[in-house]
Amino acid sequence: MELKTINNSALRHPQCRLCNAPLTATFVDLGMSPLCESVLRADQIDQMEPFFPLRVLVCSNCFLVQLQEYVKPESIFTEYDYFSSYSTSWVEHARQYCKMIVAKLNLDRNSQVYEIASNDGYLLQHFIRLGIPATGVEPAINVAAAAREKSIPTIVEFFGMDLARRLVSEGKRADLIIGNNVLAQAPDLNDFVGGMAIFLQPEGVITLEFPHLECLIDQNQFDTIYHEHFSYFSFVTIDRLAKQHGLKVFDVERLNTHGGSLRAYLCHADAPYAPSPAVGALLAHERQSGFEDIATYTKFSAKVHHTKRRLLSFLIELKEKGAKVCGYGAPGKGNTLLNYCAIGTDFLDFTVDRNPYKHGLYTPGMHIPIRPVSAVDDARPDYLLVLPWNLKQEIIEQMRHVGDWGCKFIVAIPNVEVIDPRDLTS
Ligand SMILES: [Zn+2]
């Protein structure tokens, strides 16, 4: 696939994608990194590999944490390996959401539900089953095809003001627009949210789910930063973004998904939804926690540097003692961690993944071989470095038999931690 790259060097200071102010402050600089989902075939590991800066900036005016756009989304998202339906816990999350929102908004067969970045229809299938008309918008051709196979109407395009105006001109408007984990992936944030405002019925509702920046900072989740995620949101930035487009946030909930997320409910500024007390409470909490103070952001780097040193010292000590260490998982976030810390096959013999699509391939940048999970039983390592820390409980439960030969788990985020499965009760 050809990468459509962007040269930002003509700009002395890049501009904030929310408020256009010049970006002069750094949140964290993770060095140069390949695109985290670009796993390699054996014949590719001797070739040049594109690396892009993973330097995260923060706007001193509106406090949006953001990466510059180095690669066009068309290069990342038009063919995508991630099928939401592979994750059973995510499908269950979607089912619960559907049940809740249908009751909350009294949706029925006269309603129009749209999901932006609808993936393979993992969520909309629940609306269709209830007889509620639902349409997906999904730019990845292969995953959109999977949704159509489930009889979920899907528009194969990027969402923005152009598409919204065209749909409105065809007499279409949404009573509910769902955006789950898509806001971060919109390089032109104002065009994206502006499109939602155009497309929404006067009394329609938008729900947005996104990883909460407060969790990223507090839990040291720097490995959730990658080129596909252009923006990282606090609730104060979401509130500002809504206001900028004639919308208002009228409710918010905290979720446990993706290491800690928010679900924000938006409507037109003049729509008859009174803001819940949760909105004012979370805004006040964030302001008090310093989310409108640039120093809160600029001190994050030191924490990340510390984690890198701790993890490397720990791994070096293990290797000096002759320990055999393997990885568990090959998620996108694992590649940010591995590349930033330069952990290659000098530390990890290989990693394993449950997704058969990745077997026989190599991680981007560090070129660690990806094998089936059964490779752990053959190699009998002394330690397993768990890369998808958000699933650590599930993984340790599934793999606790490795304790039979004395193998322990290492989790790097939020802090380096060793878990001996033999210590676990039940
Ligand atoms: Zn800004």
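A few points on the structure. (Residues numbered from 1 in each chain as written. Predicted model: local features only at pLDDT ≥ 70, side-chain atom pairs only at ≥ 80, totals over all residues. Heavy atoms only, no water.)

**Quick word on the pattern of salt bridges**
Then step 1. Scanning the model with the defined rule gives 16 salt bridges in all.
Then step 2. As a salt-bridge pair, R166 and E157 come within 2.6 Å of each other at their nearest N and O atoms.
Then step 3. When its relative accessible area of 27% is taken as the criterion, E157 is described as partly exposed.
Then step 4. Salt-bridge contacts for R263 lead to E209; the nearest nitrogen and oxygen are separated by 3.0 Å. Remark: E209 occurs in strand β8 (residues 200-211) and R263 occurs in strand β11 (residues 261-268); sequence separation between them is 54 residues.
Then step 5. Here the residues in one salt-bridge network are E209, E253 and R263, joined through shared partners. (Salt bridge = Lys/Arg side-chain N within 4 Å of Asp/Glu carboxyl O. Buried < 20%, exposed > 50% of the residue type's maximum accessible area, 1.4 Å probe, protein only. Helix = DSSP H or I, 4+ residues; strand = E, 2+ residues; numbered from the N terminus.)

**A look at the coordination of the zinc ion**
Then step 1. For the zinc ion, every protein donor is listed as C16 (SG), C19 (SG), C59 (SG) and C62 (SG), and the spread of their distances is 2.3 Å.
Then step 2. Each of the four donor atoms around the zinc ion contributes to a set of angles spanning 101 to 116 degrees, which defines the coordination as tetrahedral.
Then step 3. If you list the donors of the zinc ion from N- to C-terminus, the spacing comes out as C-x2-C-x39-C-x2-C. Here the residue C16 occupies a position in the segment before β1 (25-33), and C59 occupies one in the loop between β2 (52-58) and β3 (65-66), the gap between them amounting to 43 residues. (Donors = N, O, S within 2.8 Å, 3.2 Å for Na, K, Ca; no water. Tetrahedral: all angles 85-135°; square planar, octahedral: opposite > 155°, others 65-115°.)

**Let's talk about the sheet that holds strand β6 (residues 154-155)**
Then step 1. Strand order in the open sheet formed by seven strands is β6-β5-β4-β7-β8-β11-β10, and the pairing between neighbours is mixed. A single partner strand is all that each edge strand has here, and the edge strands are β6 and β10 (247-255).
Then step 2. Here strand β7 (residues 174-180) runs beside β8; their pairing, made up of six bridges, is parallel. Looking across to β8, one finds that G179 is bridged to L208. (Pairing = 2+ DSSP bridges.)

**Brief notes about the packing of aromatic side chains**
Then step 1. Going through the model one piece at a time under the given rule, you end up with twelve aromatic pairs.
Then step 2. Centroid distance F63 to Y297: 5.9 Å. Interplanar angle 15 degrees. Geometry classified as stacked. With a gap of 234 residues between them, F63 in the loop between β2 and β3 and Y297 in helix α10 (residues 294-298) connect regions that are remote in the sequence. You'll find F63 and Y297 in the same group, each marked buried.
Then step 3. With centroids separated by 5.6 Å and ring planes inclined at 70 degrees, the aromatic side chains of F222 and Y340 adopt a geometry described as edge-to-face. One end of the pair, F222, is in the loop between α7 (213-218) and β9 (231-232); the other, Y340, is in helix α12 (residues 332-341), with 118 residues separating them in the sequence. (Phe/Tyr/Trp six-rings, centres within 6.5 Å; stacked < 30°, edge-to-face > 60°.)

**Topic: helix α9 (residues 277-288)**
Then step 1. With twelve residues, α9 extends 17 Å from end C-alpha to end C-alpha; this agrees with the ideal 16 Å at 1.5 Å per step.
Then step 2. The set of residues buried in α9 consists of V279, L282, L283 and E286. For α9, the arc enclosing every buried residue in end-on projection is 100 degrees, short of the 170-degree limit, so these residues lie on one face. Along α9, exposed side chains directed more than 90 degrees from the buried face belong to P277 and Q288.
Then step 3. On the buried face of α9, the contacting elements are α8 (235-244), β10 and β11.
Then step 4. Once α9 ends, the next one or two residues include G290, with phi positive near 90 degrees. (Expected span 1.5 Å × (residues − 1). Arc of directions from axis to C-beta. Contact = heavy atoms within 4.5 Å.)

**Observations concerning the packing of helix α11 (residues 300-320) against α12**
Then step 1. At their nearest, the axes of α11 and α12 sit 10 Å apart, and the two run at 80 degrees to each other. Put simply, α11 runs roughly perpendicular to α12. Contacts between α11 and α12 involve V304, H305, K308, L311 and L312 from the first element and L337, Y340 and C341 from the second.
Then step 2. Class assignment of the residues belonging to the contact of α11 with α12 gives a composition of six nonpolar, one polar and one charged. (Axes fitted to C-alpha atoms, helices over the stretch in contact; angles between N-to-C directions. Parallel < 35°, antiparallel > 145°, perpendicular 65-115°, else oblique. Nonpolar A, V, L, I, M, F, W, Y, C, P; charged D, E, K, R; others polar.)

**A few points about the nonpolar core**
Then step 1. In this structure, F27, I225 and F235 are the most contacted members of the largest nonpolar core, which totals 107 residues.
Then step 2. When residues of this core are assigned to their parent elements, the largest contribution, seven residues, is made by α11.
Then step 3. Contact partners of F235, with chain neighbours within four places excluded, come to H212, V249, V252, L262, A264, V279, L282, L283 and E286.
Then step 4. With 25 residues, the next largest nonpolar core counts W90, F127, V205 and A271 among its residues. (Core = buried A, V, L, I, M, F, W, Y, C linked by side-chain atoms within 4.5 Å.)

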